Each structure stands twice: as structure tokens, then as C-alpha cells.
Amino acid sequence: MKNKLFCFMLIALLGLFLTTGCASYLDLDKSDMSNTSSLDSSYAKTRIGVCIYQLNDNFMSLFCDELVNYLVSLGFSEDNIIVFGSSNNQAVQLTQVEELIDRGVDALIVNPVNSAIVHTITDKAVNNGIPLVYINREPSADEEANWEEYDLSVTYVGCDARQSGIYQGELLAGLGGDTLDINGDGAIQYYMIEGAPENIDAGFRTLYSLSTLTNSGFKMDCLLDEVGNWDKATSKLITAKGISQNLIPEVIICNNDAMALGAIDAVKEAGLTPGRDVYIVGVDALPEAIEEVKNGTMVGTVFNDYIGQSHNAADAALRYLNGEENEHYIGCEYVKVSSSNAQQVLELIQSSDTDEDANVEYKQP
Ligand code: BGC
């Protein structure tokens, strides 16, 4: 981070522009300001192992870069931050966790491939006395209850995906029925493009975006509901196929921005104009998506605060390394992004990124 002040400004200003703030992040931010300087020298030899479910996921790659840069800014050596991309394969990820343990890492930060392998990863870390921070994909309630019950040095850092779904619904509802119901038939024909099966973020975003619209009085008419695996190219194919079958949507709700960007490409190639013939929303606030919001191609997106989450994950690992405790759930707020605040959000995100150019070699299996 250029400095903590920028993060404070980001949150404070977003709070002014928007209706929400980042309370949990602010709290952590203040609490670790006092001991940051003492970390610089003491962490140079500490080894951190990181596993990311898939490194070519647009959002996780931003998250991972920020995590590494932030750790370096805290005094970690790039040589001692080992990052594995798990190729969305649970067997690969388990092997990587074992390898990291064998290589003597002092703490683990894991973005699990799925919740089914979380228990095994926890066992491996706990049995070897290694603190563990899960990120982005929330483990099951039973799993989290175990951490509490047995007082394990294991926590989860993430956001409540229900909020992002609600914000997507609100962004669309804010346009009003006269705008959304392009063909005037009294219902909104829509596509839902989902992230991944059994993924909590995907499930909640799907459910809550839709229920927000129906609770606002819209009659929703689903033309297509498919899994796009968080991926731009897959979403483009799904959208193109739907349109070619003459399923013409008024709205496309995507569980993330990468898939919204794919939908935009397909809509354009079909000769339709996004923002006029079809209204598209995503989640994450990827820089490319913010540009689409600014030029009216996307109705809006929802900032998935990878800066706050990656810093919270690193700070939680540090607390464990210092012999301190963490809550077993460390949350974060989403932020609604529409054309009225897109430019400010973009500038604030850019000014809050940690700008060290860490040159960590990512290990692909
Ligand atoms: C993000 C997606 C990302 C997924 C990975 C979600 O929170 O919004 O963009 O692909 O996490 O698990």
C-alpha cells in the first residue's frame, strides 16, 4: 500500500459517495498501524505459502498480486512467499499444501478449490502447527464451528455475497420498469450466468439479485440460467448460444464481471447494443468493467474489495505468527458501483493498491 492513509481515504470517500463503508477493514487497519514498523525486520525470514484455486481467474489474480505486494510492503522477502495456482483441481491443491508444509512454511493462506477439501487442508495445517487463513471461498458452517470449538488457529476472510446480490438487484431496479421492460410485455426476460456449482458466492448472488428484483415488484421471466465458471469466454459462448436460439434477454445478471464482459461481447456480436437493448450487471469492479459502467455499456457492478480482503488475510496471518488470536470470520463490505461513482471508485482503487512491483515467481503445477 502506498500508505495506510490511502486505504483510509478509499473507505471514507466510498462511504461518502455510496451508502456503505468498510467497517471491518477500517478496524483492522487502525489496529495494525501501530505495529507495522516492528514487522519490517522480523518477517524477512518468515515463509508464507499461498494456494489460489486458479491463477488465471481475473479477480483472484488481482487479489493475489495485492496480497503478495502487501506482504512485501510489511517486510516479507519475495523469496519466502511461495504462490501456487491449483488449476481448479482439488488433488493438485492438496499436493501443493503438503509440499508447502514440507518446505517449512510458517503460515498458509488458501483459496480452496471447493469446500469438500477444506477439512483435509485444515487437518494438515493444524497437525503441523501451521496457522491457516482461508480466503474468498467460504468453508461450511460445520467446518467453521470446529475452528471455534477446538480453538484452532484457522480463520476465513471474505465478504457476505448476499450483499453483492442485493446490490445487483438494486442497480437494475433503479432503472425502473419502463426502461427494463423493453418489449413492454409486463415481465423482465433475463439470463442468469452463474459462477460455479456449489459455490457460496454464486448461490447467494443468484438468489439475492433475483429476490431483490421480485421484492421490488418486477415479474421476472428466466430465459436461461447456466454456469459460466466465473469465466469470460464461457459466458460469451452461453450468451451467444442463447441469442442464436432467439431467446432475447432484456437483462443479463452475471455472478462476476469477467462473465459480464463476455456477455457484452456476445451481445455486441449479435448486433444488439448493451445499455440500450439489454441491461447487464456484474460483481467485482474489475478496471475493465468500471470502464464499461462509465460508458453505459454495463448498468453497474459491485466492488469486491480485494485490497481490504488481501490485507486482512495477511494481517490475520501475522497475528497468528505473533501468537495472537483472530476472529474465525473476518468480513468486509461490498460497494455498489454505478455510472455516478464509477470514475471515483476507479481512482480510489488505483490509489489504494500497494504499488511495490513484487516479482514473485508463481508456481503452476
Ligand atoms: C469473485 C469472482 C471469482 C470468484 C473465485 C468471487 O468472489 O467475484 O470473480 O471468480 O470469487 O472464487
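Placed above this text is the structure.
Predicted model, so just to flag it, every value in this text is computed and none were measured.

Cut-offs used in this document
- Each chain carries its own residue numbering, running from 1 in the written order of its sequence.
- At least 70 in pLDDT is required for a residue's local features to be given in this predicted model, at least 80 for side-chain atom pairs to be given and counted, and no such filter applies to totals for whole chains, interfaces and linings, which use all residues.
- With C-beta atoms placed from the backbone, a residue is labelled by how many other C-beta atoms lie within 10 Å of its own: buried for 20 or more, exposed for 12 or fewer, partly exposed between the two.
- For helices the rule is a DSSP run of H or I covering at least 4 residues; for strands it is a run of E covering at least 2, with both sets numbered from the N terminus onward.
- For two strands to pair, DSSP has to find at least two bridges joining them.
- Put plainly, near means the residue's C-beta atom, positioned from the backbone, lies within 6 Å of the molecule or strand in question.
- Polar here means any residue outside two lists: the nonpolar Ala, Val, Leu, Ile, Met, Phe, Trp, Tyr, Cys and Pro, and the charged Asp, Glu, Lys and Arg; Gly therefore counts as polar.
- For the purposes of this description, domain bounds are those given by an automatic or database domain assignment.
- What counts as an axis is a line fitted to C-alpha atoms, over the stretch in contact for a helix, and the angles between N-to-C directions run from 0 to 180 degrees.
- Two helices cross in a left-handed way if the nearer one is turned anticlockwise from the farther one by less than a right angle. They cross in a right-handed way if the turn is clockwise.
- Contact between residues is assigned whenever the C-beta positions, reconstructed from backbone atoms, fall within 7 Å.
- A set of buried Ala, Val, Leu, Ile, Met, Phe, Trp, Tyr and Cys residues, joined through C-beta atoms within 7 Å, is what we mean by a nonpolar core.
- The handedness rule is simple: strands pointing away from the viewer, and a clockwise path from the first strand over the helix to the second, make the crossover right-handed.
- Expected span of a helix, by definition, is 1.5 Å for each gap between consecutive residues, and there is one gap fewer than residues.
- By arc we mean the arc of the directions from the helix axis to the C-beta atoms, nothing more.

A. Structural detail: the pairing of strand S8 (residues 251-254). The two faces of S8 match: Val251 and Ile253 on one face and Ile252 and Cys254 on the other face are all buried. In terms of strand pairing, strand S6 (residues 188-194) meets S8 through four bridges, oriented parallel. Directly across from Tyr190, in S8, lies its bridge partner Val251. Two elements, S8 and strand S9 (residues 279-281), share three bridges in a ladder whose sense is parallel. In the strand pairing of S9, Ile252 is matched with Ile280.

B. Broad picture of the site of the ligand. Taken together, Asp57, Phe59, Met60, Asn136, Arg137, Asp201, Trp230, Asn256, Ala258, Val283, Asp284 and Asn304 are the residues near the ligand. Partitioned by chemical class, the residues of the shell around the ligand number five nonpolar, three polar and four charged. Formed jointly, the shell around the ligand draws a minimum of three residues from each of two domains, domain 1 (4-24 + 161-303) and domain 2 (47-159 + 306-330).

C. Geometry of the packing of helix H8 (residues 161-173) against helix H10 (residues 200-215). With their axes 7 Å apart at the nearest point, H8 and H10 run at an angle of 35° to one another. In the packing of H8 onto H10, the handedness of the crossing is right-handed. Packed against H8, whose contacting residues are Ala161, Arg162, Ser164, Gly165, Ile166, Gln168, Gly169, Glu170, Leu172 and Ala173, the element H10 presents Ile200, Asp201, Phe204, Arg205, Thr206, Leu207, Tyr208, Ser209, Leu210, Thr212 and Leu213 at the interface. In terms of residue class, the contact of H8 with H10 is built from 10 nonpolar, seven polar and four charged.

D. How the structure looks around the environment of Glu269. Within the fold, Glu269 resides in helix H12 (residues 257-269). Between the C-alpha atoms of Glu269 and Ala240, which are 29 residues apart in sequence, the distance is 8.2 Å.

E. Local environment of the nonpolar core. If you look at the biggest cluster of nonpolar residues, it comprises 103 residues, and the most contacted ones within it are Ile109 and Ile280. Here the element with the most residues in this core is helix H4 (residues 58-73); it accounts for nine residues. Taken domain by domain, the makeup of this core includes at least three residues from each of domain 1 (4-24 + 161-303) and domain 2 (47-159 + 306-330). Once residues within four sequence positions are removed from consideration, Ile109 is found in contact with Ile48, Val50, Leu67, Val133, Ile135, Ala313 and Ala317.

F. Local environment of the pairing of strand S7 (residues 220-227). Pairing of S6 with S7, which is carried by seven bridges, proceeds in the parallel orientation. Each residue of the ladder has a partner; that of Ile193, found in S7, is Glu226. Each parallel crossover has a hand, and the one from S6 via H10 to S7 is right-handed.

G. Representation of H8. Over its 13 residues, H8 extends 19 Å from the first C-alpha to the last, a length consistent with the 18 Å expected when each residue adds 1.5 Å. Counting buried positions along H8 gives 10 out of 13 residues, so the element sits mostly inside the fold. Listed in full, the buried residues belonging to H8 are Ala161, Gln163, Ser164, Gly165, Ile166, Tyr167, Gln168, Gly169, Leu171 and Leu172. Where H8 is buried, its residues contact helix H9 (177-180), H10, S8, S9, strand S10 (300-303) and strand S12 (335-338).

H. The arrangement of the environment of Gly203 in detail. Mapped onto the fold, Gly203 is located in helix H10. Since 18 C-beta atoms lie within 10 Å of it, Gly203 is described here as partly exposed. Taking the C-alpha atoms as reference, Gly203 lies 8.5 Å from Ala161; in sequence the two are 42 residues apart.

I. Spotlight on helix H6 (residues 118-127). Listing the buried residues of H6 in full gives Val118, Ile121, Thr122 and Ala125. Across the axial projection of H6, the buried residues extend over an arc of 100°, all falling on one side. Residues of H6 that are exposed and point over 90 degrees away from its buried face: Asp123 and Asn127. Where H6 is buried, its residues touch helix H5 (90-102), strand S3 (107-110), strand S4 (132-135), helix H7 (141-149) and strand S5 (154-157). Directly after H6, the chain includes Gly129, whose backbone phi takes a positive value near 65°.

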